[in-house]
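# Understanding the architecture of this molecule
Chain residues, written in single-letter form:
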Amino acid sequence: MRRFGTLLAVLGAALVGCGDGPNSGPGPPSAGHFDAQRAFRDLRAQVRIGPRPAGSAGSRQEVRLIARRLREAGVPEVGVQHPHRNVVGRIPGEAPGTVVVGAHHDTKDIPGFVGANDGASGVAVLLELARGLPERLRGPSIDLVFFDAEEARDDRPFDLDGARGSSQFIRYARRGGLQGSAALGEIRAMVLFDLVGDCNLEIPREENSDPGLYRLFSDAAQEEPARPSPFVGTSPPVLDDHIPFAHAGIRAVNLIDFEYGPGPTPGAFWHTRRDNLGHVCAPSLDAVGEPALAALPRIR
């Protein structure tokens, strides 16, 4: 993803087990509860893979991990798109349509960069949502989509080369729903989780995001007054995997803390080797995950 200061315009746009150990699985599903420690174990398992840029051996291992975790959680429909390896798992609903809930699983192609926050944190939240959401929703279905190829390659501009996996998803949706994509007219909304593991988590409403969708999560967090809410303030626009959906006319919200790192240089850890296990925290996953369990089923 990339921030564009005060820019007002939205710019363009047979699986097997993997090497996180035979006894390191997260445990059985627990509907209605977000287990932050279990989510953090999923985060740690991804970091152990190492760098996971699109098209790499690490990326293929990551895709196998995600698909296996979804099946262990009881998600009935799991598939992998190509050529960009988006993993799609559907939780069925009783109402027409679907809500896409996404995170990107690739990491920036930087030597030694493991993306504990920028990549693994969003994936960990989605995997725990797969365990915590009802087996069948009263509203629309939820498509958990783990996007490949969010990061731009080399030094190419993000607006020209980023969000390739989510753009592929929308292309397939426009063509009636290929390779696990819902048809474009069936997608009710899109929710994106990115950089949500920062130990000092704050998730302002990003300017490209739908205010009504953001408010659902903010309100859900305030229903638990004993827990400080990370949903505060506003932030400049960010180019990320929600943009192809917004361009397609779909309501979208990006739940992101772009101020990753200590002051006076906000974002100091972004795309550096300091984005590691020492700078992410399980309570932050809980601070966004628990409200998500309440907010997502309310989207219509």
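I will try to describe carefully the structure that is included in this document. This is a predicted model, so every value here is computed, not measured. (Residues numbered from 1 in each chain as written. Predicted model: local features only at pLDDT ≥ 70, side-chain atom pairs only at ≥ 80, totals over all residues. Heavy atoms only, no water.)

Another point: the pairing of strand β6 (residues 187–194). Counted residue by residue, β6 has seven buried out of eight residues, so it is predominantly covered. Here strand β4 (residues 98–104) pairs with β6 via five bridges, running parallel. If you follow V101 over to β6, its bridge partner there is V191. In terms of strand pairing, β6 meets strand β10 (residues 251–256) through six bridges, oriented parallel. Paired with A189 across the two strands is R251, which belongs to β10. (Buried < 20%, exposed > 50% of the residue type's maximum accessible area, 1.4 Å probe, protein only. Helix = DSSP H or I, 4+ residues; strand = E, 2+ residues; numbered from the N terminus. Pairing = 2+ DSSP bridges.)

With that settled, the discussion passes to unusual backbone geometry. Going from H82 to P83, the amide bond is cis rather than trans, its omega being 5°. Relative to the helices and strands, P83 resides in the loop between β2 (77–80) and β3 (87–91). Positive phi is not limited to glycine here, since D154 has a value of about 50°. Tracing the chain through its elements places D154 in the loop between β5 (141–147) and α4 (158–161). Phi at L195 takes a positive value of approximately 55°, unusual for a residue other than glycine. Looking at where L195 falls in the secondary structure, it is placed in the loop between β6 and β7 (205–206). Taking relative accessible area as the criterion, L195 reaches 0% and is therefore assigned buried.

Taken as a whole and assessed by the stated rule, the structure comprises 14 salt bridges. The partner of D161 in a salt bridge is R164, and the shortest N-O contact between them spans 3.4 Å. Taken as a pair, D161 and R164 share a single burial class, namely buried. We note a salt bridge from E223 to R298, for which the minimum N-O separation is 2.9 Å. Highlighted residues: E223 in the loop between α6 (211–222) and β8 (234–235) and R298 in the segment after α8 (282–295), separated in sequence by 75 residues. (Salt bridge = Lys/Arg side-chain N within 4 Å of Asp/Glu carboxyl O.)

What follows is about the packing of aromatic side chains. The tally for this structure, following the rule as stated, stands at eight aromatic pairs. Between Y214 and F231 the ring centres are 5.9 Å apart and the planes differ by 80°, which places this aromatic pair in the edge-to-face class. In this pair, Y214 is assigned in helix α6 and F231 in the loop between α6 and β8, connecting sequence segments 17 residues apart. For the pair Y214 and F231, a shared accessibility class is recorded, and that class is buried. Among the aromatic residues, ring-to-ring pairing joins F193, Y214, F217 and F231 into one connected group. (Phe/Tyr/Trp six-rings, centres within 6.5 Å; stacked < 30°, edge-to-face > 60°.)

This part covers the packing of helix α1 (residues 36–49) against α8. Running from N to C, α1 and α8 cross one another at 115°; their axes reach a closest spacing of 8 Å. When you trace α1 past α8, the crossing you get is right-handed. Contacts between α1 and α8 involve A36, Q37, A39, F40 and L43 from the first element and A282, L285 and D286 from the second. Classifying every residue of the contact of α1 with α8 gives six nonpolar, one polar and one charged. (Axes fitted to C-alpha atoms, helices over the stretch in contact; angles between N-to-C directions. Left-handed = near helix turned anticlockwise from the far one by under 90°. Contact = heavy atoms within 4.5 Å. Nonpolar A, V, L, I, M, F, W, Y, C, P; charged D, E, K, R; others polar.)

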